[in-house]
Amino acid sequence: MNPKKKILLVEDDVSFISLFHTLLVRAGFEVFEAHDGQEAETVAVRVNPDMLIIDLGIPKKDGLAVCREIRKTEWGKKTAIIILTGKPLDDDILKTVMQVEPAYYCVKGDLSSDDFISKVRSVFEEQVG
């Protein structure tokens, strides 16, 4: 039997993190939480997640800076990243975000619960395929 995929969910909004945590656990994933950038890096080093789902606008260290640091690690080079944020994508954000090679860039208000879980599963399916 395959071990559960580990997901690090980084979000400072308590209601969002609670919702996404619940959805991911129900979908069969092992979920770890961080509420700011410094905590995210600490937890990531400890658990080496298979996926990082991160908001850009988190305190102490922004989401992109966290992604850059994780990409520098050996295990972080293969960690899938989904950016889940309230910021609509524009050309400036796109150029910056592409440096960390996210699997998806999702705007929170534009994504249903089912779509969110489908995107997470599709990333893991692509890694196997």
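Higher on the page you've got the structure.
Below you will find a few notes about this structure. Note that the coordinates shown come from a computational prediction; the quantities given were computed from them, not determined experimentally. (Residues numbered from 1 in each chain as written. Predicted model: local features only at pLDDT ≥ 70, side-chain atom pairs only at ≥ 80, totals over all residues. Heavy atoms only, no water.)

Applying the stated criterion across every chain yields a total of three aromatic pairs. Here the aromatic rings of F16 and F20 are separated by 5.8 Å at their centres, their planes lie at 15°, and the arrangement is stacked. Of this pair, F16 and F20 both sit in helix α1 (residues 14–26), four residues apart, roughly one helical turn. Ring geometry for F20 against F116: centres 4.7 Å apart, planes inclined by 45°, an arrangement best described as tilted. Taken together, the residues span a long stretch of sequence, with F20 in helix α1 and F116 in helix α5 (residues 113–128) at a distance of 96 residues. Comparing F20 with F116 shows no difference in burial state: the two are buried. In textbook terms, an aromatic cluster arises when at least three aromatic residues are bridged by ring pairs, as seen for F16, F20 and F116. The residue whose ring lies beneath K108 is F16, and the NZ or CZ to ring-centre distance is 4.5 Å. (Phe/Tyr/Trp six-rings, centres within 6.5 Å; stacked < 30°, edge-to-face > 60°. Helix = DSSP H or I, 4+ residues; strand = E, 2+ residues; numbered from the N terminus. Buried < 20%, exposed > 50% of the residue type's maximum accessible area, 1.4 Å probe, protein only. Lys NZ or Arg CZ within 6 Å of the ring centre and 35° of its normal.)

Right, let's get into unusual backbone geometry. A positive phi angle is found at N48, which is not glycine, with a value near 45°. Within the secondary structure layout, N48 lies in the loop between α2 (37–47) and β3 (51–54). Even without being a glycine, E101 presents a positive backbone phi close to 50°. Tracing the sequence through the fold places E101 in the loop between α4 (91–97) and β5 (104–107).

Take the packing of α2 against helix α3 (residues 63–71) next. At their nearest, the axes of α2 and α3 sit 9 Å apart, and the two run at 20° to each other. Looking at the two axes, α2 sits roughly parallel to α3. Crossing of α2 against α3: the hand is right-handed. Every residue of α3 that contacts α2 at G37, A40, E41 and A44 is listed here: A65, V66, E69 and I70. Residue composition of the contact of α2 with α3, by class: five nonpolar, one polar and two charged. (Axes fitted to C-alpha atoms, helices over the stretch in contact; angles between N-to-C directions. Parallel < 35°, antiparallel > 145°, perpendicular 65-115°, else oblique. Left-handed = near helix turned anticlockwise from the far one by under 90°. Contact = heavy atoms within 4.5 Å. Nonpolar A, V, L, I, M, F, W, Y, C, P; charged D, E, K, R; others polar.)

Turning our attention to the sheet that holds β5. The strand order across the open sheet formed by five strands is β2-β1-β3-β4-β5, and the pairing between neighbours is parallel. On the outer flanks of this sheet lie β2 (30–34) and β5, each paired with one strand and no other. Across the sheet, the axes of successive neighbouring strands diverge by a mean angle of 20°, strand direction being ignored. Here strand β1 (residues 6–10) pairs with β2 via five bridges, running parallel. Residue L8 lies in a different strand from β2, and its bridge partner there is F32. Here α2 sits on the sheet and contacts β1 and β2; the angle it forms with β2, its principal contact strand, is near 150°. In this fold α3 packs onto β3 and β4 (80–85), with an angle of close to 165° to the strand it touches most, β3. (Pairing = 2+ DSSP bridges.)

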